[in-house]
Amino acid sequence: MSADGKDDRDGGLAVDEAKPKLKRPPLFKVVLLNDDFTPMDFVVEVLKSFFGMGDEQATQVMLHVHTRGVGVCGVFTRDVAETKVRLVNTYSREHQHPLLCAMEEA
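Scoring rules and cut-offs
Counting starts from 1 at the beginning of each chain's written sequence and moves along it residue by residue. Note on the predicted model: pLDDT of at least 70 is required for a residue's local features to be given, and 80 or more for side-chain atom pairs to be given and counted; whole-chain, interface and lining totals, by contrast, use all residues. To obtain the side-chain values, all non-hydrogen atoms of the structure were used and water was disregarded. A run of H or I in DSSP counts as a helix once it spans at least four residues, and a run of E counts as a strand once it spans at least two, with each numbered from the N terminus. Burial here depends on accessible area, computed with a 1.4 Å probe over protein chains only, as a share of the maximum for the residue type. Under 20% is buried, over 50% is exposed, and the range in between is partly exposed. In this analysis, the expected span of each helix is defined as 1.5 Å times one less than the number of residues it contains. Contacts are assigned to residue pairs with any non-hydrogen atoms lying within 4.5 Å of each other. What we call a nonpolar core is a set of buried Ala, Val, Leu, Ile, Met, Phe, Trp, Tyr and Cys residues that are connected through their side-chain atoms within 4.5 Å. To define axes, lines are fitted to C-alpha atoms, for helices over the stretch in contact only, and angles between the resulting N-to-C directions are given on a 0 to 180 degree scale. An angle counts as roughly parallel when it lies under 35 degrees, as roughly antiparallel when it exceeds 145, as roughly perpendicular when it falls between 65 and 115, and as oblique in every other case. In this scheme, a crossing is called left-handed if the near helix is turned counterclockwise away from the far one by less than a right angle; it is called right-handed if the turn is clockwise. Polar here means any residue other than Ala, Val, Leu, Ile, Met, Phe, Trp, Tyr, Cys and Pro, which are nonpolar, and Asp, Glu, Lys and Arg, which are charged; Gly is therefore polar. Think of it this way: DSSP has to see at least two bridges between two strands before they count as a pair.

K.L.:
Got a sec to walk through the environment of A58? Specific residues and values, please.
P.N.:
Assignment of secondary structure puts A58 in helix 2 (residues 55–68). A58 sits in the buried class, given a relative accessible area of 0%. It is 8.0 Å that separates the C-alpha atoms of A58 and E45, two residues lying 13 residues apart in sequence.

Put into structure tokens, the structure is as follows:
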């Protein structure tokens, strides 16, 4: 019985709050592909400007791209990865370099 003298069992509804099962969004690697024409300094500039790398890390990634043909710039959600790829590719074309940025599932 409740405080007002009525029986709670009549119309009372027991509700357990269901906690939604949230799934992390899929992640994507943003990569730079090596070419024989883009200057190394330009690649370092791109890594610093678009991916927030310091001089040392940007140089290491640039050398990895240069020696192995491809290098990871970062891992992001789909929207962020797509935006970074588009910005880097546009910036490269505006500066007349064939540097190519792409994304792949992490």
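K.L.:
Quick one: what's the story with unusual backbone geometry, residue by residue and with numbers?
P.N.:
With a phi close to 55 degrees, Q96 is a non-glycine residue in the positive phi region. Within the secondary structure layout, Q96 lies in the loop between helix 3 (78–94) and strand 3 (100–105). Residue Q96 is classed as exposed on the basis of its relative accessible area of 71%.

K.L.:
Just give me the short version of helix 1 (residues 40–51), but keep the residues and values in it.
P.N.:
For helix 1, spanning twelve residues, the distance from its first C-alpha to its last is 16 Å, which sits close to the expected 16 Å at 1.5 Å a residue. All of the buried residues in helix 1 are F42, V43, V44, V46, L47, F50 and F51. Against strand 1 (27–33), helix 2, strand 2 (70–77) and helix 3 lie the buried residues of helix 1. Looking one or two residues past helix 1, G52 carries a phi angle of roughly 65 degrees, positive in sign.

K.L.:
How would you summarise the nonpolar core if you had to cite specific residues and measurements?
P.N.:
If you look at the biggest cluster of nonpolar residues, it comprises 22 residues, and the most contacted ones within it are L32, V46, L47 and F51. Of all the elements in the fold, those that place two or more residues in this core are strand 1, helix 1, helix 2 and helix 3. Top contributing element to this core by residue count: helix 1, with seven residues.

K.L.:
Pulling in residues and values, what's your account of the packing of helix 1 against helix 2?
P.N.:
Their axes nearest at 9 Å, the elements helix 1 and helix 2 cross at an angle of 125 degrees. The angle between the axes of helix 1 and helix 2 places the two elements in the oblique class. Judged by the twist between their axes, the crossing of helix 1 over helix 2 is right-handed. Together, M40, V43, V44, L47 and K48 of helix 1 and D55, A58, T59, V61, M62 and H66 of helix 2 make up the contact between the two elements. By residue class, the composition of the contact of helix 1 with helix 2 is seven nonpolar, two polar and two charged.

K.L.:
So what's going on with the sheet that holds strand 3? Residues and values would help.
P.N.:
The antiparallel open sheet is built from three strands, whose spatial order is 2-1-3. The strands lining the two open edges of the sheet, one partner per strand, are strand 2 and strand 3. With direction set aside, neighbouring strand axes in the sheet form an average angle of 30 degrees. In this structure, strand 1 lies alongside strand 2, joined through seven bridges in antiparallel fashion. Directly across from V30, in strand 2, lies its bridge partner G74. On top of the sheet, helix 3 reaches strand 1, strand 2 and strand 3; it is set at about 165 degrees to strand 3, its chief contact.

K.L.:
Which residues make up helix 2, and what are the values?
P.N.:
Taking 1.5 Å of rise per residue, the 14 residues of helix 2 would be expected to cover 20 Å, and the 20 Å separating its terminal C-alpha atoms lies within 8% of that figure. On the buried face of helix 2, the contacting elements are strand 1, helix 1 and strand 2. The first or second residue beyond helix 2 is G69, which carries a positive phi of 95 degrees.

Keep in mind that these numbers describe shape and distance, not what the molecule does.
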